[in-house]
Every structure is written in C-alpha cells, then in structure tokens.
Amino acid sequence: MSHDGVGLRAVMRSVAFLTAGALAVPVLAGCGSDEEVSRPLAGQDIASAARDVVADGGTLHWAVDAVPETLNTFQADADAGTTEVAQAVLPSMFRLDQNGRPVRNPDFLESARVIETEPRQVVLYKLDQQAVWSDGREIGAADFAAQWRALSGKDSAYWTARNAGYDRIEKIERGANDLEVRVTFSRPYADWKSLFSPLYPKDVMGTPDAFNDGARRKLNVSAGPFRIQKVDTQAKEVVLTRNPRWWGHPAKLSEIVLQAVPREQRAAALAAGTVDLADVDPAEAERITVAARANSGGTPFQGAGRTSAKKLRTWALAHGFDSDKIPTGEKKLARTISKYLREQEVLRAFEVRKSLEPAYTQLAMNGSAGPLADERVRRAVARALDRKQLAKVVLTPLGLPAVPVGSHLALSGQADYADNSGALGGQDTAEAQALLADAGWVPGGPVKQEKKAGKAAGPQATKDGESQDGDGTYIVGEDDKAPRETADEPKTATRDHTGHDAESGTRLARDGKQPTDKHPPQGGAPGAYAPKGTAAPAGAAAGPLAKDGKALTLRFVLPSGPGSQSLRSVADRISQMLDKVGIVTEITKVPDESYFKDHIAAGQYDLALYSWPSTPFPATDARPIYAKPAAAADGSLNVEQNYTRVGTDQVDQLFDQASATLDEDEARSLIRKADARIWVAAGSIPLYQRPQLIGARKDLVNAGAFGFQTPVYEDMGFLKKGAKLSPGPSGS
C-alpha cells in the first residue's frame, strides 16, 4: 500500500484470527456459477510481436523508482524493483495471465496438482527436466524445502516479512524421482499456487545469515532468462544479462538495465536517449503524445523579429510549463524553450502505451475514533459519493474506461470479481442525510468553540487554502467557495507476489441511485440503510451538521508530493460531495515521507486516499487488510494492514473458510460474501482502477503497459529493420 499503491506482498503479514461457528449471510450471497465471467476493462498495451520479427541483441534501459534495497522478495524492504529483478532471474511455479489469474509456468513446471486431500492435502510438483540453476545444479526438492523452513515462521532468526501459506506446510519430500516434489500441508490451503513464486536456491534460504544478508545486493545463483551482472548503487542501476544456462526461448535482448530515474525527469530522460521504457505521469504522457503529432503547435520563434518575454511565457504556459519554474529573463526563457523543442523532436520516436494498473484507489475512513467510529456516519459518507464521477475525473481524460471498482478483493477479469457495491448502495443524498440524522447529526445545532488543533503529525505538515482567521486551513463547507486543489497524486510500485495486475471487464460496477423509501429487495444488508421512517432533512443540507455541541468536521489528509494532480482533483470532488450532505472536510497536506508512517499507519486521519494492488489470492493476501483489529500481548491494538481499523468477526470467518476449502467455486463464493460484508462495514470505498501510462520507444516490442500479466522478459526486444506491427493495444 502507498498513497496510491505499494507492493501488496511486500507489506502482507500472516495473521491467525481463527473464529468458530457457522456464518449465515443469505442476503450477501455471492453470485452463482452461471453468472457471466468478467473481463478486464482495458487490454494490455505492449506492442505484441512474434519472436521472429524481434532483433537479436540490444540493451533495454528501463526506468525504475530506485535501485532495490534487497533482492530478496521475502524481506520487509523489498519493493517493485525487487519483483522486477526476481521475475527476470528466478523460477516461478505460477505467473499471471492477461486476466490476472494464476497459470502454470511451463518453463519450470510440467504439472502441479492436488493429488490427495485426506488425511492431508498433498500437492505434487513435476518439474521441467531441463530446469537448472545457473551453476548447473538441478532445481529440486532441496530448494523447496529450504524455502519452506526459512518462511515457516518457526525460526525467528530469519528476518522474514511474511510466511502466509508456508506456515501450513507439514513436510516437503522428493517424489518418485528428482523431478518430483511432494508438499504435504498440515491443514488445507486453497492458495497453494501462491507458493514458491519466486523460488530461491537453497544457498539463499539455507541459513539465517544467507537469507538475511546474502541476497540483498547479489544473487550468485539464479535460474531465468537473465542473470544479475551487477548492482551499482553509485550509478543507480541494476544490469541484467543473458543467462547462458537458460533452457527456454533465448532472451532477445543482450541486456536489461534497470535505471533509477525520478518520475518528474522521465520525459527528459526519454528525450536524452538514456531511457527506452518508463512509467510516466499524465502530464509527461501528454507531452509524449503532443510530440508525436505533426506540426503540434509550432514554436514561439516563428516569423521575423524579436520574440518578447511575454509571448515566450504565454507559449510556455500553453505547453504545460510549471508557472513557478519558468525563467524570468527573456534569454533564459528562450534557451529553456529551445531545449524543450529539441527534446520534443526526439520524443517523436516514442509513444504512450496505456492500460489499467493492477491496483485501485480507495477512500479510507478511520473508524477507530471520532464521528467515523459510528458506522452510520461512514455509510453516509459512502452514500454521498458519486463514484462514477470520481472515476471520470481520473480516467476519462486519458481515454480509459471510467468504471468504478465494485470489489475490495478482486478486479474485473479476475475469477473472484463480482460487483458487491449494492450491499451498501449507490449514491443517494437523501439516504446519506437520513443516516446522519439517525446518528444524531442535525443542521443548525449549537457548536462550542474549540481550541485550534495542533499541527499534523510528521515534518512540515501544511494545510491548503486560507481560512478567515489566517491559520492556513481550508475547511470545505464553511463558505460558498469551491475547495482549492490540495495534493498531487503520489507515485506507486504496486505489485503482488506475481508482479502485475490490471483490471477491466464487461461486468461494470453499478452506480445507480438506490430507492429511499424502502430497502432494495437484494444486495442490501441490515444496518446499511437508515431505519425505516428516518426522515432526511428537508432540501439540501442547511449548513454544517452538529451533535453535542460539535460540528461534523472530518480531517482529510493528503500527500503533497509532485505529480499528483489526479489525486488532488479527486479529493476536491469528494469534499464537494460531502459538503452537499452537511459534512465539513478539513483538507491537510503532508510530506510524502510522513504520509504513511505518521498518518495512515498511525491512525492520524479521518479520510485519506491510497491504493491497494489486486491479487489472485485474496483469502491469503487481502485478509490482513480487513481483519478485525485485536489486542496484542502488550495491550496495544494490532491492526496488521487494516489501517481503517474497521473489521468484523464475520469477515474474518469468511476469509478463514475461503483459505481452507479446496473447492474453487466454494472459495469464490466465500470471498464474494466477505467482500459484501466489507462494503457494509464501510471502512473503505473502492473508487477507480489506477491508470497505467508507459512511455516507450516505438520500435520496442513486447513491453509496456502489461496490465495483469506477468512480463515475459525473454520476448522483449527491438523490431528488426523493415518489420512492422499492426496498430492498437495488443491485448484489446
């Protein structure tokens, strides 16, 4: 998780809140087996090409956020760069297809299946007979066993970040021959396909010292189409070269260089020729798109005579220059524009490849204290939101489908996806006001004057806008002015244990208004609506609401880093929507470095925007996000990754049951029931799937906006001279 997405598996922890008793939730039942299967909302866009038109050789320079701190994906500081390296150089038993579903990796597995369920679940892996480590040793049971022991959680000397699934293994042994591995579980585990992806050699997993320190900056032994040549922290790059012992299709590229480039500098890096492939923000994507157009706007130097500084500045502003960074002198500004025009000419060799990222942005509500501790207030916030309009703010300008996400636990295209938002209900101002009235919040009530709150936690917290008394806080709902923009959308390295995931589908998330005079016949749940007979305040909210002498004011915390125009716009729209039902929002900007640690994780917020990546294994991966917080041994509250602090025993039960059944249809039904319960609890509201924008050299193929699918590194490369591709997204 991050302001807008961090590696899911990097922050997941195993939890064991086991509850007893059966749970019956008939009104929240998942969809039946005859329902239409969802599809991704947007296909991947990677300039797909057959291998025979891809040139042999060449170096791909790929921009990343940072050089990985560790090459061990099971350590706490693993990041997206760690995953990218692991996918290129290590075995994985399963990887994701274009629909975000796990499929067997044929380079390593001939087969993998459950061969026994009684008295214990047993999975038999049959490995490819050519699968060897780069030192020539066969991949086998010893590697599986070493990884299990390191990640089982039984030896605290291993500094592991997660052990989910591995803690359910009872034993690992050789099968009928060296190519067979038998894994016996102590208790059933539905998500067994999540294990051993990636698989590290026993040299890394065999001892605590090797695990903790041996694979942080180097991997002496690997098994993939590439191997690590060097990790250069001075040059801020990781160099991957072809693995001479690779038995699959040989890599087309000679090298892949993962190069750390700040996101705001990526368009310039593409233009300078130092990068061929880069994740870019919408502003830089627009710059690349404009460069590709013939005669796109001309230059301010056309025509005879001198060009005035005023004309140059007007031209610069019209072409997206930051007004605060435009040089004041005529000569300096002319040089800046000339450099920009030279870069634009080079950028004509690039294009933007776009899809939807395997992650969704949500509105999180802190239910631990204050007004949002009342579930009726949380539900009122949710019912005040027009999620379709919020999705349009971000996705429509990019030409991507603006469909609200209908599930907390899967994205459209994945097997577990179903739109369960009807359990809570769509946008309905009257229903939101009725819920607030039932909770005791009424318009025009007396408000006691309170002392000003102290500064936000974290370094140099700032607040957007100005109030009348000049304290720097802009409070939406206290005047007729529209809220000012507040924070920029933070950058993310989303990933799950398999890498990528983007979603879309024909099952569009419903966003219609719900009836206010009665509960809907299906999809609702007790408590999701105001009690029958609760009247909404007449007309629009007559000013802010109050209760017990306190105004209904929610602190909306946002990151202040560069490049977050989309997040800023979404926050503004949400504030306006809440203002209509009488909820005041106090928008506070904080530095990126303190946003998560000092605010989200610490519970110092009422409302916040951040993202979670999707996963094909929600029973395992998503459980810590929604598990009911429990008291720790020292008396503190253990929230795991449930930063909203909202959870129920029923949701915990459903996750436990889903992870323990080997019936895929039953597991899917349980996951959907859990999601419906999460909607009703209203701790977080999924908004939209994040856009995935990739700047890529036009002759680079089989790389770009991957969507759900795990990249196939050996197929990436540059087109042969004279070869042509058919236009359009390859996955459409």
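## Notes on the sheet that holds strand β6 (residues 169–174)
Reading across the sheet, the four strands line up as β4-β5-β7-β6 and stay open at both edges, with antiparallel pairing between neighbours. Only two strands of the sheet have a single partner each, and these edge strands are β4 (109–116) and β6. On average, adjacent strands in this sheet sit at an angle of 15 degrees to one another, irrespective of strand direction. Two strands pair when backbone bridges link them, and β6 and strand β7 (residues 180–185) are joined in this way by five bridges, in the antiparallel orientation. The partner of lysine 171 across the bridge, within β7, is threonine 184. Lying on the sheet, helix α3 (residues 141–151) is in contact with β5 (122–127), β6 and β7; it crosses β6 at an angle near 160 degrees.

## Here's the deal with the environment of threonine 117
Residue placement: threonine 117 occurs in the loop between β4 and β5. Remark: the alpha-carbon pair of threonine 117 and leucine 662, spanning 545 residues in sequence, is separated by 8.5 Å.

## Structural notes on the nonpolar core
One finds Met93, Tyr125 and Phe196 to be the most contacted residues of the largest nonpolar core, which totals 72 residues. With seven residues, α3 is the single largest residue contributor to this core. Counting residues in hydrophobic clusters, the runner-up holds 65 residues, among them Ala291, Val381, Leu424 and Leu554.

## With respect to the pattern of salt bridges
Taken as a whole and assessed by the stated rule, the structure comprises 23 salt bridges. In this structure, aspartate 65 engages arginine 263 in a salt bridge whose closest nitrogen and oxygen atoms are separated by 2.8 Å. Linking aspartate 65 in the loop between β1 (59–64) and α2 (80–89) with arginine 263 in the loop between β10 (255–260) and α6 (266–272), this pair joins segments that are 198 residues apart in sequence. With relative accessibility at 11%, the residue arginine 263 sits in the buried group. When the shortest N-O distance is used, the salt bridge between aspartate 438 and arginine 376 registers 3.1 Å. Residue aspartate 438 is found in helix α12 (residues 429–438), and its partner arginine 376 is found in helix α10 (residues 375–384); the two are separated by 62 residues along the sequence. Here the salt bridges share partners, and the residues they tie into one network are Asp65, Arg263, Arg266 and Asp279.

## Here's the deal with the side chain of serine 684
In this fold, serine 684 is placed in strand β23 (residues 684–697). Side-chain polar atoms of serine 684 contact the side chain of glutamine 362, separated by 3.3 Å. Beyond its immediate chain neighbours, meaning those up to four positions away, serine 684 contacts Gln362, Leu363, Ala364, His408, Tyr626 and Thr644.

## Points about the packing of helix α11 (residues 387–395) against helix α13 (residues 565–579)
Two packed helices can be described by the angle between their axes and the distance between those axes. Here α11 crosses α13 at 155 degrees, and the two axes come no closer than 9 Å. In terms of orientation, α11 lies roughly antiparallel with respect to α13. With respect to the hand of their crossing, α11 and α13 are arranged in right-handed fashion. Packed against α11, whose contacting residues are Gln389, Leu390, Val393 and Val394, the element α13 presents Ser566, Ser569, Val570, Arg573, Ile574 and Met577 at the interface. A per-class count over the contact of α11 with α13 returns six nonpolar, three polar and one charged.

## Considering the sheet that holds strand β17 (residues 550–551)
If you walk across this open sheet you meet the three strands as β13-β16-β17, and the pairing is antiparallel. For this open sheet the edge positions go to β13 (442–443) and β17, each flanked by a neighbour on one side alone. As paired strands, β13 and strand β16 (residues 545–547) are joined by two bridges and run antiparallel to one another. Within β16, the residue paired with proline 443 across the bridge is leucine 545.

## Some details on unusual backbone geometry
Cis geometry is found at the peptide bond from glutamate 118 to proline 119, where omega equals -5 degrees. A cis amide bond, omega 5 degrees, links serine 197 with the succeeding residue proline 198. Turning to its location among the elements, proline 198 is positioned in the loop between β7 and α4 (202–205). At aspartate 548, a position not held by glycine, the phi torsion is positive, near 55 degrees. Here aspartate 548 lies in the loop between β16 and β17. We classify aspartate 548 as exposed; its relative accessible area is 68%.

## A closer look at α12
In an α-helix, one turn spans 3.6 residues, which is why side chains three or four residues apart end up on the same side. The complete set of buried residues in α12 reads Glu431, Ala432, Gln433, Ala434, Leu435 and Leu436. Tucked inside the fold, the buried residues of α12 contact α10 and β16. The opening residue of α12, the one whose side-chain oxygen lies 3.2 Å from the backbone nitrogen of alanine 430, is aspartate 428. Following α12 by one or two positions, glycine 440 has its phi on the positive side, about 95 degrees.

About the thresholds
- Throughout, a residue's number is its position along its own chain's written sequence, starting from 1.
- At least 70 in pLDDT is required for a residue's local features to be given in this predicted model, at least 80 for side-chain atom pairs to be given and counted, and no such filter applies to totals for whole chains, interfaces and linings, which use all residues.
- Neither water nor hydrogens contribute to the side-chain values; these are computed over all heavy atoms in the structure.
- In short, DSSP must find at least two bridges between two strands for them to pair.
- Helix numbering and strand numbering both begin at the N terminus, where a helix is a DSSP run of H or I of at least 4 residues and a strand a DSSP run of E of at least 2.
- Angles run from 0 to 180 degrees between N-to-C directions of axes, and those axes are lines fitted to C-alpha atoms, restricted for helices to the stretch in contact.
- Residues count as neighbours in contact if any of their non-hydrogen atoms are within 4.5 Å of one another.
- We define the nonpolar core as a collection of buried residues of types Ala, Val, Leu, Ile, Met, Phe, Trp, Tyr and Cys that are connected through side-chain atoms lying within 4.5 Å of one another.
- Note on exposure labels: buried denotes an accessible area under 20% of the residue type's maximum, exposed denotes more than 50%, and partly exposed covers the range between, all computed with a 1.4 Å probe on protein chains only.
- By salt bridge we mean one thing: a side-chain nitrogen of Lys or Arg within 4 Å of a carboxyl oxygen of Asp or Glu.
- What qualifies as a polar contact is a pair of N or O atoms within 3.5 Å, subject to a donor-acceptor requirement within protein and to the restriction that residues adjacent in sequence count only when both atoms come from side chains.
- In what follows, roughly perpendicular refers to angles from 65 to 115 degrees, roughly parallel to angles under 35, roughly antiparallel to angles over 145, and oblique to any angle outside these ranges.
- In this scheme the handedness of a crossing depends on how the near helix is turned from the far one: anticlockwise by less than a right angle means left-handed, clockwise means right-handed.
- Each residue gets one of three labels, nonpolar for Ala, Val, Leu, Ile, Met, Phe, Trp, Tyr, Cys and Pro, charged for Asp, Glu, Lys and Arg, and polar for the others, Gly among them.

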